[in-house]
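This is what each chain is made of:
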Amino acid sequence: WGSGSMFFDGTSTITIPATDLYNLSGGTWTIEGWFYLTAVPTAECPVICIGTFGNNNSYYGLSIRPDRSLYSGAARSGATNVSTTAAVVVLNTWAHVAVVMRNRLGSIYVNGILRAGPTGNVTQMNSVSNTLTIGTDPQATLVSKYTGYIQDLRITKGVARYTTDFTPPGPL
């Protein structure tokens, strides 16, 4: 785990071209990192997006909603997604968030505590041809952009790193 963080000012994003490294179509993976939200989004805010966010598009990712709840899943017709029912992200406070997909069952952990899931039968998708976008989604027309810091972002394919409550890795 590193000692620096990325700052997103509500207009900045990072886009990484498509690669097999984040092809998460196998049904088991983990997306995790430390997040420090400095402004509440005015609409759905994809923080990490593999693919294209929105109705009838294919993507995996993590979003923060205006009520500061979290949402993750694969947006496809008939897909099941996972989301927290309460505000779990506190402004101006570091939080470790982990989205875990295990055998197509999705869970969200915040600071090591299960906050949603496991919810299941999330539709698999082939993400080989999709870009990885951090800070928004590639279209960025239907959503807010992330405002805050991200540290130690990690995407692990083929491994569900957490299946029960845990102590988050590495101090900030």
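Calculation notes
Residues numbered from 1 in each chain as written. Predicted model: local features only at pLDDT ≥ 70, side-chain atom pairs only at ≥ 80, totals over all residues. Heavy atoms only, no water. Helix = DSSP H or I, 4+ residues; strand = E, 2+ residues; numbered from the N terminus. Buried < 20%, exposed > 50% of the residue type's maximum accessible area, 1.4 Å probe, protein only. Salt bridge = Lys/Arg side-chain N within 4 Å of Asp/Glu carboxyl O. Core = buried A, V, L, I, M, F, W, Y, C linked by side-chain atoms within 4.5 Å. Contact = heavy atoms within 4.5 Å.

Peer 1: Hey, could you go over the environment of Asn-130 for me, with residue numbers and the actual values?
Peer 2: Residue placement: Asn-130 occurs in the loop between β10 (113-120) and β11 (132-134). Here Asn-130 falls in the buried class, since its relative accessible area comes to 16%. For the pair Asn-130 and Pro-17, spaced 113 residues apart in sequence, the C-alpha to C-alpha distance is 7.6 Å.

Peer 1: Can you break down the pattern of salt bridges residue by residue, with the values?
Peer 2: Taken as a whole and judged by the stated rule, the model has two salt bridges. Residues Arg-154 and Glu-32 are paired through a salt bridge, measuring 2.7 Å at the closest nitrogen-oxygen approach. On the criterion of sequence distance, the pair formed by Arg-154 in strand β12 (residues 147-157) and Glu-32 in strand β3 (residues 29-37) is long-range, its members being 122 residues apart. A relative accessible area of 26% means that Arg-154 is categorised as partly exposed. Judged by its relative accessible area of 1%, Glu-32 falls in the buried class. For the salt bridge of Glu-32 with Arg-161, the shortest nitrogen-to-oxygen distance reads 4.0 Å. In this pair, Glu-32 is assigned in strand β3 and Arg-161 in the segment after β12, connecting sequence segments 129 residues apart. Of the residues examined, Arg-161 reaches a relative accessible area of 37% and is grouped as partly exposed. Each of Glu-32, Arg-154 and Arg-161 takes part in one network of salt bridges that share partners.

Peer 1: I'd like a rundown of the nonpolar core, residues and numbers included.
Peer 2: The biggest cluster of nonpolar side chains holds 29 residues, and the ones touching the most others in it are Phe-35, Leu-70, Ile-108 and Tyr-146. For this core, the elements supplying multiple residues, two or more each, are β3, β4 (45-51), β5 (59-64), β8 (95-102), β9 (105-110) and β11. Residue contacts for Tyr-146: discarding those within four places in its chain leaves Phe-8, Asp-9, Gly-10, Phe-35, Tyr-36, Leu-37, Cys-45, Val-47, Ile-64 and Gly-135. Listed in part, the six residues of the second largest apolar core include Ala-98, Tyr-109, Ala-160 and Tyr-162.

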